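Descriptive structure summary
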Amino acid sequence: MCSVMYGSPRVLLQVLWAQLLCGWVLGSELTFELPDNAKQCFYEDIIIGTKCTLEFQVVTGGHYDVDCRLEDPDGTTLYKEMKKQYDSFTFTAAKNGTYKFCFSNEFSTFTHKTVYFDFQVGDDPPLFPNENRVTALTQMESACVSIHEALKSVIDYQTHFRLREAQGRSRAEDLNTRVAFWSIGEAIILLVVSISQVVLLRSFFSDKKTTTTRVGS
Amino acid sequence: MAAVRMRSCVLSVLLLNVFYSFVSSLYFHIGETEKKCFIEEIPDETMIIGNYRTQLYDKQREEYLPATQGLGMFVEVKDPDDKVILSRQYGSEGRFTFTSHTPGEHQICLHSNSSKFSLFAGGMLRVHLDIQVGEHANNYAEIAAKDKLTELQLRVRQLVEQVDQIQKEQNYQRYREERFRQTSESTNQRVLWWSIVQTLILVAIGIWQMRHLKSFFEAKKLV
């Protein structure tokens, strides 16, 4: 995290306290590839009372589903779903410690999947921590805050749309290559089968002729 | 007296700050020769900042401690055309930045540069990773200090950056949708042409078979 050097130590102290009180944030958003029969786990240390959200979506691969499991520091399962394509889970941390969430593709034998997840812990940090935090926001500032929240949800929707579009596009590209290969394959099979039919028929009649001549003589 | 108390207070808060910065980060385990890749689908001219921190399992103390000096991570970034745009080795703690020049899927791969297999002592390397994309990569405190903005100006600046990011994403969306449409139209054309070609092949083969067999039987004086 950046550390801002202010002039007076009093301001620095207030900045640090403000950051501490607001709770350490981290919004981690990652897309990774999960090979077949593999399991990938992520861990995060969370303070008690923080509101967290885990959201995941499978982008490409197979039937676009994955197993997900979220455990608290004592190992209790808070969330467990098998073969889910997309889900969102919100919880408030009841204990201090390391929370663990895992994605598993162990049920799949040969398809590897691309999984996107977004793990939000706490709220966003204040934009400009300053001394006047105690006073209420002016009308302009609260308008800015509401626009900021609206734009954040727009960006969130855009991300989900992008992922769905990537899914659709990967299916369409799969279909395209499959159509090409199968058409060529079918044409070749057609030619091979018809030529071998004729050759086989010819061979039936050729054999009968030699046997009849041998019997005759 | 007050100054000393203030200083110790600031110091303790600073230490707490540092402690939290070490602790609150998403992490995962990586094996010695394992390569972990992350995909970022981004529009062009978008900046990405990645921060990582590694910890190695110390068997004696049975906990994860910051990795030794020699152990570093190799970071490789590939653009959508599979061209390498960043390929560097960093220390046990590093920060990498790049800006995309083509829209699409960029791949960020990390693997440790350890050549001595005994270094991991059979354990795993713990990697704390944080990747910030686009508007999130901006350091607003720095911008405020540099351009001397008031709080309201900074908020508006943040809104402008967010809207910029939305606009870039929409442009990229239009480009992707065009690709999708091209793929669908190509599939449509392929299905149409191959059906016609296959029907023609079938009819032609049928006619050839009958004519060939007829001439064959006539030659054999069976017809």
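Residues numbered from 1 in each chain as written. Chains lettered and ligands numbered in written order. Predicted model: local features only at pLDDT ≥ 70, side-chain atom pairs only at ≥ 80, totals over all residues. Heavy atoms only, no water.

The name an unreviewed UniProt entry gives chain B is Transmembrane emp24 domain-containing protein 9, with Sphaeramia orbicularis as the organism. Quoted verbatim from the Sequence similarities (unreviewed entry) field of UniProt, the annotation for chain B is "Belongs to the EMP24/GP25L family." (UniProt positions renumbered as here; feature names shortened; annotations may be inferred.)

In the nomenclature of an unreviewed UniProt entry, chain A is known as Transmembrane emp24 domain-containing protein 7 of Sphaeramia orbicularis. Taken verbatim from the UniProt record of chain A, the Function (unreviewed entry) comment is "Potential role in vesicular protein trafficking, mainly in the early secretory pathway. Appears to play a role in the biosynthesis of secreted cargo including processing and post-translational modifications." The UniProt entry for chain A carries the following text under Sequence similarities (unreviewed entry): "Belongs to the EMP24/GP25L family."

Under the feature "domain: GOLD" (unreviewed entry), the UniProt entry names residues 39-121 of chain A. End C-alpha to end C-alpha, residues 39-121 of chain A measures 23 Å, and it is 0% helix and 67% strand. (Helix = DSSP H or I, 4+ residues; strand = E, 2+ residues; numbered from the N terminus.)

Take the domain arrangement of chain A next. Residue and element names in this part refer to chain A. You can read the domains of chain A as domain 1 (26-123) and domain 2 (133-199). Centre-to-centre separation of domain 1 and domain 2, based on C-alpha positions: 21 Å. Facing the nine residues of domain 1 at the interface are eight residues of domain 2. Contact between domain 1 and domain 2 buries roughly 900 Å² in total, counting both sides, with carbon and sulfur atoms accounting for 48%. At the boundary of domain 1 and domain 2, one finds four residue pairs in polar contact (both at pLDDT 80 or more). The leading source of residues in the side of domain 1 that touches domain 2 is strand β3 (residues 51-60), at five residues. When the residues that make up the side of domain 1 that touches domain 2 are grouped by side-chain class, the tally is five nonpolar, two polar and two charged. (Domains from an automatic or database assignment. Contact = heavy atoms within 4.5 Å. Buried area = accessible area lost by both parts, 1.4 Å probe. Polar contact = N/O pair within 3.5 Å; in protein donor to acceptor, adjacent residues only side chain to side chain. Nonpolar A, V, L, I, M, F, W, Y, C, P; charged D, E, K, R; others polar.)

We now examine the interface of chain A and chain B. Listed per partner, the contact involves 72 residues of chain A and 63 residues of chain B. With both sides pooled, the region where chain A packs onto chain B buries about 6,600 Å², and carbon together with sulfur makes up 68% of that total. There are five salt bridges connecting chain A and chain B. Measuring nitrogen to oxygen at the nearest pair gives 2.7 Å for the salt bridge that ties R176 of chain B to E165 of chain A. Along the contact surface separating chain A from chain B lie 18 residue pairs in polar contact (both at pLDDT 80 or more). Contributions of two or more residues to the side of chain A that touches chain B are made by α1 (9-21), β1 (26-34), β2 (39-46), β7 (97-104), β8 (113-121) and α2 (139-216) of chain A. For the side of chain A that touches chain B, the leading source of residues is α2 of chain A, giving 38 residues. For the side of chain A that touches chain B, the class distribution of residues is 43 nonpolar, 15 polar and 14 charged. (Salt bridge = Lys/Arg side-chain N within 4 Å of Asp/Glu carboxyl O.)

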